[in-house]
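Coordinates in review
Listed here are the chains, written in short residue letters.
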Amino acid sequence: MTERFPESPQFTGHNAPCRIECDIRDLVVEGTLPDDMQGTWYRSVPDPQYPPMLGDDVYLSGDGMVSAFRFEAGHVDLRMRYVQTERWLNERAARRSLHGRYRNPFTDDPSVRGKGRGVANTTPLYHAGRLIALKEDSRGWELDPQTLETLGEFDFGGKLRSQTMTPHPRIDPQTGELFFFGYEAGGVATRDVAYCVADAAGELQREQWFEAPFCALMHDFVVTKEHAIFPCFPITADLDRLRQGGPHWVWEPELGSRIGIMPRHGDVAEMRWFTAPACSGFHYINAFTDGSLVHVDMSLTDVPVFPFIRTDSGLRIEQYEVHGALERWTFDLADPVDRIGRRVIGPSGDLPRLADSDAMSDYEILYYERYDPSIGPPITTGAVGPGFNALTRLEVKTGRMTTLPMSPRATLQEAVHIRSERRGHEGYLAFVVDLHDEDLSEVFIVEAQNLSLGPIARIKVPMRLRSGVHGTWVARR
Ligand code: V55
Ligand code: FE
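So, here's what we can say about the structure. (Residues numbered from 1 in each chain as written. Chains lettered and ligands numbered in written order. Predicted model: local features only at pLDDT ≥ 70, side-chain atom pairs only at ≥ 80, totals over all residues. Heavy atoms only, no water.)

Moving on: the coordination of the iron ion (ligand 2). At this site the iron ion (ligand 2) is bound by H168 (NE2), H219 (NE2), H283 (NE2) and H470 (NE2), with donor distances of 2.0 to 2.1 Å. Coordination at the iron ion (ligand 2) is irregular: its 4 donor atoms span angles of 93 to 150° at the metal. Donor residues for the iron ion (ligand 2) sit on one chain with the sequence pattern H-x50-H-x63-H-x186-H. Residue H219 is located in the loop between β13 (204-211) and β14 (222-223), and its partner H470 is located in the loop between β34 (457-461) and β35 (471-475); the two are separated by 251 residues in the primary sequence. (Donors = N, O, S within 2.8 Å, 3.2 Å for Na, K, Ca; no water. Tetrahedral: all angles 85-135°; square planar, octahedral: opposite > 155°, others 65-115°. Helix = DSSP H or I, 4+ residues; strand = E, 2+ residues; numbered from the N terminus.)

Given below as structure tokens:
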């Protein structure tokens, strides 16, 4: 390869492509790993195989790399493998990038017209013994949970009709059912949404299609014991714009926001679309139903958090000018008038996680990441710009907050929650720390109820790990 990666923020510094597939047995551990921490932590990481065909590209286009930290009897092993998607294989054979703009197939090299362009770079889903790497513009790719070998595109044994699958499926911790959806389910820029339920054995039980109010970036959704809640914030796609080589997403605040709520085992015809002012949200935190009330917690900003979407929309707003908060929206299904109760539950931040067992019910504690300028100046890493520098534990009902700040030259990635076998123990959080001066990475393990005490164990990684998106903990059984 003679062509170089661009000198842009998405490809330099901590964002420089890593491209390393590896097996490291016994990473160096400082401190002691809890003996009830046994299992595998999978992370999905965008990591471009080749320099972008059109000179530059966004972070979200990077080829999916899955890293697996395997914890066993106080030891940690690391394995990293690319997801061998159709796109990855085609580019590998050509020894160059063949795909153009982010989610615009009309800008691709003619040799890959009509071929799969998904990169499987967002979430490693583990359900019914299967590991599936997800990206919302396409179907998932199944991997061997042990070897990370790519087994093929995943379509529930030929049953799934949707062409896409969200990277935020929701698992009911009691029933083991998997709830998910796909947007642009019938093709690029369509309003088709497929709402699907699989049983605990991973069998697709139901797939229903409906039309969203507009073709929106529906990154996430959320499910309660009774309802499924779909977001429609006004970041929209348009087929003509794509045909002309334009951006996939544009911010259209004049459309306002719509939130769809339906019974989770009901018919999509029962969907009620609530109307709200324009805002941008990527991640729902959790939701629960209480009688006729549906409470939905989410991370919101006033304009899209991704700089490339603002630029493509002609919006001149710097990252520090984007404002947001964690909010609880309450919908009353018994009220024929759309009234949404809104309450701020925490300061702006993202990548919210909670104990898997707390999903879908009234809960107490969430963990998330913030950028706090009092800790240090912004450091570019990952998809958005400034990396997070503070891990936060928030007691949702009281607003009580504890924070673990990083050192001024470090940022942190998404924390995953690991449950403890000990009675009354809140469990652990694991997250990658980016060490910008050393050009290396570490993993911190903290006790969830004592996170401000700092790491009880630090796992040394002998290279820089590119910023991941989401991760999943799979306890050893
Ligand atoms: C997001 C992430 C994506 C994507 C679209 O976090 C939205 C939001 C990692 O890829 O393609
Ligand atoms: Fe996400």
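And the narrative resumes.
In this structure, A120 is a non-glycine residue whose phi angle is positive, near 50°. If you trace the backbone, A120 turns up in the loop between α1 (86-94) and β6 (123-127). Residues other than glycine seldom take positive phi values, yet L351 does so here, at roughly 55°. Within the secondary structure, L351 is located in strand β24 (residues 350-353). Owing to a relative accessible area of 12%, L351 belongs among the buried residues under this scheme. (Buried < 20%, exposed > 50% of the residue type's maximum accessible area, 1.4 Å probe, protein only.)

Turning next to the site of ligand 1. In the vicinity of ligand 1, the contacting residues are L60, Y102, N121, T122, K135, E136, H219, F282, F306 and V469. Y102 places a side-chain nitrogen or oxygen 2.7 Å from an oxygen atom of ligand 1. Between ligand 1 and H219 there is a distance of 3.5 Å, counted from an oxygen atom to a side-chain nitrogen or oxygen. Within the complex, 96% of the 310 Å² of free accessible area of ligand 1 lies under protein. Partitioning the shell around ligand 1 into residue classes produces 5 nonpolar, 3 polar and 2 charged. (Near = heavy atom within 4 Å. Polar contact = N/O pair within 3.5 Å; in protein donor to acceptor, adjacent residues only side chain to side chain. Areas by Shrake-Rupley, 256 points an atom, 1.4 Å probe, with all protein chains shown as cover. Nonpolar A, V, L, I, M, F, W, Y, C, P; charged D, E, K, R; others polar.)

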